[in-house]
Amino acid sequence: MNTALQKVDQRKAHITLRVNGEEVEVSFAPYKTLLEVLREELDLTGTKHGCELGECGACAVLVDGEPLLSCLKLALECDGASIETVEGLAEGPELHPLQAAFSDHGGSQCGYCTPGVLMTAKGLLDREPNPSRERIKEALSGNLCRCTGYQQIVDSVADAARTLRERGVKA
Amino acid sequence: MMRLPWFQYQRPASVAEAARMLAAEGPRGMLIAGGTDLLPNMKRRQQTPATLISLSRVEGLKKITNGSGLTLGAGLTLTEVVGTGAVREKYRGLWQAAAQVASPHLRNMGTLGGNLCLDTRCNYYNQNEEWREAIGYCMKKEGKTCWVATASKRCLAVSSTDTAPALIALDAKVRLVSAAGERELALASLYNNDGINYITRKPDEILTEVVLPQLDGWSSTYWKLRRRGSFDFPLLGVAAAARMAPDGSVLEARVVLGAVSSQPLPLAKASEFLVGKKLNDEVIAEAGVLAASRAKPMDNTDLDVYWRKEVVPSFVGYALREIRGDDMRAMRMRISRQAL
Amino acid sequence: MSTAKRLDVIGHARRRVDGREKVTGQLRYADDMKLPRMLHMKLLRSSHPHALIEAIDTARAQAYPGVHLVLTGKDFPVPFGIMPVAQDEYPLAPEHVRYVGDPLAAVVATDEQTASAALQLIEVKYKPLPTIATPEEALAQPEVRIHDYTDVGNIHRNQAFEFGDVEEALSKSDHVFEDLFFYEGDNHMAMEQHASLARAEGEGKLTLWSSTQDPHYLHRQLARVLQMPAAHIRVIACDNGGGFGGKCDPAGHEFVVSKAALMLGRPVKICLTREEVFYLHRGRHPVLMKFRTGVTKDGKLTGMHLQTLLDGGAYGSHGPASTFYTGVLTPLTYELPRFKFDACRVFTNKPACGPKRGHGTPQPRFGQEVQLDKIAEMLKRDPAELRLNMVTQANSLTASWLKIGSNGLAECIRQVVAGSGWKQKHGKLPQGRGVGIACGSYMCGAGVSIYWNKMPHSGVQLALDRSGQVTVFCGATEIGQGSDDVLAAIVAETLGISTKEVRCITGDTGITPIDLGSYSSRVTIMMGNAALQAAGRARDMIVTAVAEQLEVLPESVVLSRGRVFAAGDAAKSMSFAEAVVYAESKFGTLGTVGSYTPPKPPGKFKAAGVGPSPAYSFSACVVEVEVDEHTGWINVPKVWIAHDIGRALNPVLARGQVIGGVYMGLGEALMEEQVFRRLPPKLSSALVHKIPSLLEYKSITSLDMPEVEVMLVEDPDPNCPFGAKEVGQGPLLPVMPAVANAIFDAVGVRIDEVPLTPEKVLRALHLKREGKNPRVGPERFPDVPYPEPTFVLPPGEGGDGNESKMAKRADRVMERSAS
Ligand SMILES: Cc1cc2nc3c(=O)[nH]c(=O)nc-3n(C[C@H](O)[C@H](O)[C@H](O)COP(=O)(O)OP(=O)(O)OC[C@H]3O[C@@H](n4cnc5c(N)ncnc54)[C@H](O)[C@@H]3O)c2cc1C
Ligand code: SF4
Ligand code: FES
Ligand code: FES
């Protein structure tokens, strides 16, 4: 029962990650999940947590482009992976269209679910530039939000998708 | 923050190496694939392996072989399974089941193999250590009594995998590999009706692939009951597959229930009953009643236990009507809250 | 200057002032804080629902490597409680634990993992006591005492009020409806789990960063419990990741981290796990209700007798207020000449209930609105028409002495009726589909503070300097509702600048003037009025200085869009910053203050302070449902809601609040429940939260959420800043009864109980098929020893707002002895 007291090797683990485009090396207690390493070792506290059991989506980040739950991802398994967090979403001083849309259209109230929602939405729009409202709701169905009732989140994602498409046409 | 206990970590590169490590660790070791079942259980101290043997870098577990039938590597994520054209087109029941597991993020992480080996669930058991201490634990871990049925000699925790019933209806087999050798067995035989010893996989075996037979002329479907359109484990799964004659009469059928027992429940009687009949409303209703007589939901998941039993015929009905070719899209939206 | 100035900021859709921080991950919630040498704390919680602590041995934990401190109840001799009359809780229980999860010891260590490991080494010897799981048990077993300060058994609060002779009114009514309803408890489930970080500073001073909605009340309680001068304590409310009332009570861990930091001289942090949040709770009270309501045959209410029984859980919390709120706001929506309510709150061995969005009022609102639907059905009247025919009027007094100011309820009803196509739908949709309507009303801030005082409820301070920068200080707390945005908008509008030019410093008892907190929908109105005053004073200084400089009359000076100019003379114009320079030159360093105290309540009887508010919001909601007759499965395809907001300061945020309220109401209507499990008593005395997790405590996901059509009714209220009333809580209220009424319209069954689950619907459908009363809901109301009511004559019957101890009393005693 007293598992925390088991005699185990308590040496630190060491991995290399690419976080928001930058290579970082990090040492950490090997029981830590990606969530804990991001927040506690790399001070990237933008990624949130609401349950740490896979039940809320607050901790969602992109790992090699895919939205995953950092609370259920062993940091050990991320060696060499490319991680995108909310801190890396803006391009310099310019907000990513998703960020702009969320702050303009009510997609973020208390803001606590927002990083997870934004990264999940980015994962969606990177693959599907023109999702229907239904598709947006499906893609975000692993992110609980307690404030917005989701409607303005969906509005925001749809708006950002439009902006991104228009930019794509211009470019 | 809920945190994992300390553990040792090994990362083999091949199935053979993984099998050797698993054999060497014995019961102290556990495989980790996506970790979406195991890690929450470890954080709650339900499962406390001393060593995790990771399948993340094991070669070959993501193979998809499209010959006669279809072979799916156990390491495919559920998202990858859903994205496989052959699954969507020919094994629709599996596609629908996989698409309804957990949430999009969890499907990006969770694997097919992990889904088939998923620990049984019970809301006296899927709780933090402190909570379980407050009830004096239970038979499945560290305690003596089964609180769901205190007279029960066995644990009644629920088989909660969505893909297993769908795959059993599709007559799937699984390949198990250990340091000692390998074997293939019908997926249905992978399970026991026992919440503790729910799986016949030996502790040193690795599930490497799922083998689906060629199923020309079959149609299949999966209906899932859960409170919400996302996250929730099944409270009832109905998988059905059938091959029909041109006149609409059933030549072969398999109906399997999920989440109403400690194992996926193939319904031999109801399936046989359908053979030779046309799927008219009366036949469907009768099959539903037959199915319900086998379902033994327990008061250890969400929603009222009597109600869960009572709606079995309706859900069997949705499945058989879909097989018959009815347009079930509106009902699907109401039940699953997404188009499938 | 002209007051009818065009509004530049107010009423326009705008990016919220804190929008950027929220989408970039810059915003620091309490658990995001990290300080040098910071230690971590975990709490040991009771594994018994009710027990005496015979002994605690912490020696092994203390000796565990990495442990810095172990604290127990004996380190905290002073109890706390948000309400002065309910100081019944200790940061760590010293000798008596009252629910599974009651904290009793704490370990501070180098990291959480170490602290958790050490917790397991603490040995506690319990002496189990009999447990109370329900209000019925609490009443039936007074000898099991959860607290010993109560007068009678486990009754925490017991009160009764009668406004006019209700029995007489009922006896003269054409019909009297008697109905029982039950509303299950539920949790706020804010996405952010409570966290606190404490740091000792200077000479024995303390700073606490915390996820709290009410830093001011926390501040007072910290001084009390830690026995320190309040002036040595600074509480900083971090932006909350959602509150909904769950972060209003001071929480045990806030005291314990503070004490630990003071003792160790190092920063100490704690973040609760989700399970612990369910134990801290303070969520919606489960309430059993009985309504006896008289109506005339043409559909007017004559009188109502409402009785409520609240399951309070193990501690007082906001209970005294919650108990009142299950009655007092009932008369706001419909003309009700006489009203009586009896309310009783009891203790049980479960986590304490408290304030959640709508505090105490969603429960009776559910009963009242469902009962009205039954009344309409019986009188064969359209439920929307019936309501329209009896709505309260603007500028009126209710029988219970609440003063209603502006009132857009009728307009709300008209708009949802039109918007939803009600007339084509109600009673006319095919079997299995239906629509339901309900209304609600809520306070714009409680008229009195939680502790008695004559000081303002909100204060704002404004600093301006020659750079043109404007900084506004206020104790109000941003919990996601957008209070910083309201603050910035009001200041910006008044000074004719953009919100981007306003820096908000809020929720910090060390540097911001006091605001009582983010509860009771009080911030927009109270902070807003204070801000209006402060900004108005600053504007006057600028106007005076600029008028002098430009040699124009002060009346002609306009502040708009970053310019200060003379109306009608384009040449006489300067930037806002230049204007501030003139003002600073003339007046010296610039700073203004504003404050707000709500008007005195019209009622004068004891407890007349609960319920009055400077203004009330109103809402009406139509919900459409589809119900499967074979399974009882419920689907909600669409919701229409109209909310009388007075004025929407920022329509994007206002709509967001409305939709969020509908979302939370739908969750309560359909699935959310904080429920408990007892094991077979012969084998175990356990009494545990059934589902303390986000997976099993069900909340609506994006796929379950219907489209919501929002209609904002804007009829500015003179008591409110720019006319703006509340929007944070009111829109939740009508949702649950509208769903229940829609289910009736769809399949003809009544579910008089929240949540409305498919299982209950199917049970009612079976009853219907068997020709029985197609209703599922509570069957009996226990005997509650309510006290003799405080009798107050309603305004319409010549009352003066005082308790009246006249003849009426004697009549009643005689009636009672006769019966
Ligand atoms: C909030 C939440 C909701 C969920 N909802 C659902 C749901 O609706 N339906 C559902 O079916 N599941 C659900 N799950 C469970 C889980 O996400 C899925 O079942 C997933 O497919 C498990 O796969 P995995 O790879 O993550 O398994 P892991 O956690 O890695 O492993 C699960 C178990 O299988 C063993 N194992 C894994 N791979 C192998 C292998 N190749 N050979 C032998 N043993 C192996 C592991 O040792 C472990 O015991 C949910 C989980 C969460 C956290
Ligand atoms: S079914 Fe019984 S033994 Fe099994 S996990 Fe649940 S309570 Fe424990
Ligand atoms: S923290 Fe809730 S899913 Fe990861
Ligand atoms: S904005 Fe608060 S939880 Fe989503």
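About the criteria used
All residue numbers refer to position in the chain's written sequence, counted from 1. Throughout, the order in which chains and ligands are written sets their labels, letters from A for the former and numbers from 1 for the latter. Thresholds applied to this predicted model are a pLDDT of at least 70 for local features of residues and 80 or more for the giving and counting of side-chain atom pairs; totals over whole chains, interfaces and linings are not thresholded and use all residues. As a rule here, side-chain values come from all non-hydrogen atoms in the structure, and water together with hydrogens is ignored. Neighbouring residues are identified by heavy atoms, a residue being near a molecule or strand if any of them is within 4 Å of it. Gly falls in the polar group here, along with every residue not listed as nonpolar (Ala, Val, Leu, Ile, Met, Phe, Trp, Tyr, Cys, Pro) or charged (Asp, Glu, Lys, Arg). In this document the domain limits rely on a domain assignment from an automatic tool or a database. In the analysis that follows, any N or O atom pair within 3.5 Å is treated as a polar contact, provided that within protein one partner can donate a hydrogen and the other can accept it, and provided that, for residues neighboring in sequence, both atoms belong to side chains. Methods summary: accessible areas were calculated by the Shrake-Rupley approach with a probe of 1.4 Å, and residue burial reflects only the protein chains presented. What counts as a helix is a DSSP run of H or I of at least four residues, what counts as a strand is a run of E of at least two, and both are numbered from the N terminus. Aromatic rings from Phe, Tyr and Trp, with only the six-membered ring used for Trp, were paired whenever their centres fell within 6.5 Å, and each pair was classed as stacked if the ring planes differed by under 30 degrees, edge-to-face if by over 60, and tilted otherwise. Relative accessibility decides the category of a residue: with a 1.4 Å probe and only protein chains considered, values under 20% of the type maximum give buried, values over 50% give exposed, and everything between is partly exposed. Only Lys NZ and Arg CZ are tested; either one counts as a charge over a ring when it is within 6 Å of the ring centre and within 35 degrees of the ring normal. It only takes one pair of heavy atoms within 4.5 Å for two residues to be counted as in contact. Reported buried area values correspond to the accessible surface (1.4 Å probe) lost by two parts on association, with both partners' losses combined. Salt bridges, as used here, are contacts in which a Lys or Arg side-chain nitrogen is within 4 Å of a carboxyl oxygen on Asp or Glu. Strand pairing follows a simple DSSP-based rule, namely that at least 2 bridges must link the two strands. The term disulfide is used for any two cysteine sulfur atoms that are within 2.5 Å. We call a set of buried residues a nonpolar core when its members are Ala, Val, Leu, Ile, Met, Phe, Trp, Tyr or Cys and they connect through side-chain atoms within 4.5 Å of each other. Convention adopted: a line fitted to C-alpha atoms gives each axis, helices being fitted over their contacting stretch, and angles between N-to-C directions are expressed from 0 to 180 degrees. When an angle is under 35 degrees it counts as roughly parallel; over 145 it counts as roughly antiparallel; between 65 and 115 it counts as roughly perpendicular; any other value is oblique. Take the far helix as the reference: if the near one is turned anticlockwise from it by less than a right angle, the crossing is left-handed, and if turned clockwise, right-handed.

Observations concerning the site of ligand 2
Move 1: Around ligand 2 sit 13 residues in total, of which B:Cys122, B:Cys138, B:Cys146, B:Cys155 and B:Leu156 are the nearest.
Move 2: The residue makeup of the shell around ligand 2, split by class, is 11 nonpolar, one polar and one charged.

Remarks on the domain arrangement of chain B
Move 1: For chain B, the assigned domains are domain 1 (8-56), domain 2 (64-118 + 158-212) and domain 3 (218-335).
Move 2: One C-alpha centre belongs to domain 1 of chain B, the other to domain 3 of chain B; they are set 35 Å apart.

So, the site of ligand 1
Residues and elements named next belong to chain B.
Move 1: In the neighbourhood of ligand 1, 36 residues make up the surrounding shell, with Leu31, Gly34, Thr36, Thr111 and Asn115 lying closest.
Move 2: The backbone of serine 160 places a nitrogen or oxygen atom 3.3 Å from an oxygen atom of ligand 1.
Move 3: At a separation of 3.1 Å, a nitrogen atom of ligand 1 approaches a polar backbone atom of phenylalanine 231.
Move 4: Relative to its free-state accessible area of 960 Å², ligand 1 is covered by the protein chains to the extent of 98%.
Move 5: Ranked by residue count, the leading element in the shell around ligand 1 is helix α7 (residues 112-117), at four residues.
Move 6: Within the shell around ligand 1, the residues separate by chemical class into 19 nonpolar, 11 polar and six charged.

Structural notes on the packing of aromatic side chains
For any pair of aromatic rings, the description consists of the separation of the ring centres together with the inter-plane angle of the planes.
Move 1: Applying the stated criterion to the full structure yields 22 aromatic pairs over all chains.
Move 2: Where B:Trp307 meets C:Trp633, the ring centres are 6.5 Å apart and the plane angle is 10°; that geometry is what we call stacked. In this pair, B:Trp307 is assigned in helix α12 (residues 305-310) and C:Trp633 in the loop between β26 (616-627) and β27 (634-644), connecting two distinct chains.
Move 3: Given the relative accessible area of 6%, C:Trp633 is considered buried.
Move 4: Lying across the ring of B:Trp223, B:Arg332 places its NZ or CZ 3.8 Å from the centre.
Move 5: One Lys or Arg, C:Arg750, reaches over the ring of C:Phe744 and ends 3.6 Å from the middle of that ring.

Here we look at the domain arrangement of chain A
All names here are of chain A.
Move 1: Domain annotation for chain A reports domain 1 (12-88) and domain 2 (97-167).
Move 2: A straight line from the C-alpha centre of domain 1 to that of domain 2 covers 21 Å.
Move 3: Across the contact, 16 residues belong to domain 1 and 13 residues belong to domain 2.
Move 4: Buried surface at the junction of domain 1 and domain 2, both sides included, amounts to about 1,200 Å², of which 59% is carbon and sulfur.
Move 5: Between the two partners, domain 1 and domain 2, sit one salt bridge.
Move 6: The closest approach of N and O atoms between glutamate 84 and lysine 122, which form a salt bridge, is 2.8 Å.
Move 7: Taken together, the links from domain 1 to domain 2 amount to five residue pairs in polar contact (both at pLDDT 80 or more).
Move 8: For the side of domain 1 that touches domain 2, the secondary structure elements donating two or more residues are β3 (60-63) and β4 (66-69).
Move 9: Here the element with the most residues in the side of domain 1 that touches domain 2 is β3; it accounts for three residues.
Move 10: The class makeup of the residues in the side of domain 1 that touches domain 2 is seven nonpolar, five polar and four charged.

A word on the pairing of strand β30 (residues 707-713) of chain C
Residues and elements named next belong to chain C.
Move 1: With respect to burial, β30 is a largely interior element, five of its seven residues being buried.
Move 2: Pairing of β27 with β30, which is carried by seven bridges, proceeds in the parallel orientation. Bridging from a neighbouring strand, alanine 642 pairs with methionine 711 of β30.

Considerations on the state of the cysteines
Move 1: Applying the stated criterion across every chain yields a total of zero disulfides over all chains.
Move 2: Between C:Cys238, a cysteine without a disulfide, and C:Cys271, which holds the nearest cysteine sulfur, the sulfur-to-sulfur distance is 11 Å.

Comments concerning the nonpolar core
Move 1: Counting 205 residues, the largest nonpolar core has B:Leu257, B:Leu274, C:Leu666, C:Val739 and C:Ile743 as its most contacted members.
Move 2: Not counting residues up to four positions away in its chain, the partners in contact with B:Leu274 are B:Val250, B:Ala253, B:Val255, B:Leu279, B:Val283, B:Ala287 and B:Leu320.

Overview of the interface of chain C and chain A
Move 1: With 57 residues of chain C in contact, the opposing surface of chain A contributes 48 residues.
Move 2: Put simply, chain C and chain A have six salt bridges between them.
Move 3: Note that A:Lys48 is salt-bridged to C:Asp32, the shortest N-O span being 2.5 Å.
Move 4: Our enumeration of links across chain C and chain A arrives at 34 residue pairs in polar contact (both at pLDDT 80 or more).
Move 5: When residues of the side of chain C that touches chain A are traced back to their parent elements, those giving at least two are α1 (19-24), α3 (112-119), α17 (651-670) and β30 of chain C.
Move 6: Ranked by the residues each element gives to the side of chain C that touches chain A, the list is headed by α17(C), at eight residues.
Move 7: Of the residues belonging to the side of chain C that touches chain A, the class tally is 24 nonpolar, 19 polar and 14 charged.

Observations concerning the sheet that holds strand β5 (residues 103-109) of chain C
All names here are of chain C.
Move 1: Strands sit in the order β3-β5-β1-β12-β9-β10-β11 across an open sheet of seven strands; the sheet is mixed. Both edges of this open sheet fall to β3 (67-72) and β11 (233-237), since each of them pairs with a single strand only. Between one strand and the next, the sheet's axes are offset by a mean angle of 20°, whatever the strand orientation.
Move 2: Here strand β1 (residues 39-45) runs beside β5; their pairing, made up of six bridges, is antiparallel. Across the sheet, methionine 41 pairs through a bridge with valine 108, a residue of β5.
Move 3: Seen against the sheet, helix α7 (residues 252-264) touches β1, β3, β5, β9 (195-201), β10 (205-210) and β12 (268-271) and runs at an angle of roughly 30° to β9.

Comments concerning the environment of B:Leu118
Residues and elements named next belong to chain B.
Move 1: Mapped onto the elements, leucine 118 comes out in the loop between α7 and α8 (129-134).
Move 2: Using a relative accessible area of 10% as the deciding quantity, one classes leucine 118 as buried.
Move 3: With 44 residues separating them in the primary sequence, leucine 118 and aspartate 162 have C-alpha atoms 9.9 Å apart.

Some points on the packing of helix α3 (residues 114-127) of chain A against helix α5 (residues 151-170) of chain A
All names here are of chain A.
Move 1: Between α3 and α5, whose axes approach to 11 Å, the crossing angle comes to 40°. The orientation of α3 with respect to α5, classified from their angle, is oblique. Where α3 crosses over α5, the two elements pack in a sense that is right-handed. Side by side, α3 and α5 meet where Val117, Ala121 and Leu125 of the first sit next to Ile153, Val157, Ala160, Ala161 and Leu164 of the second.
Move 2: Per-class residue counts for the contact of α3 with α5 are eight nonpolar, no polar and no charged.

Quick word on the side chain of C:Arg750
All names here are of chain C.
Move 1: Here arginine 750 lies in strand β31 (residues 750-751).
Move 2: Within the local environment of arginine 750, its side chain forms a polar contact with the side chain of glutamate 377, the two groups lying 3.3 Å apart.
Move 3: Leaving out residues up to four positions away in the same chain, arginine 750 has contacts with Val370, Asp373, Lys374, Glu377, Asn741, Phe744, Pro774, Arg775 and Val776.

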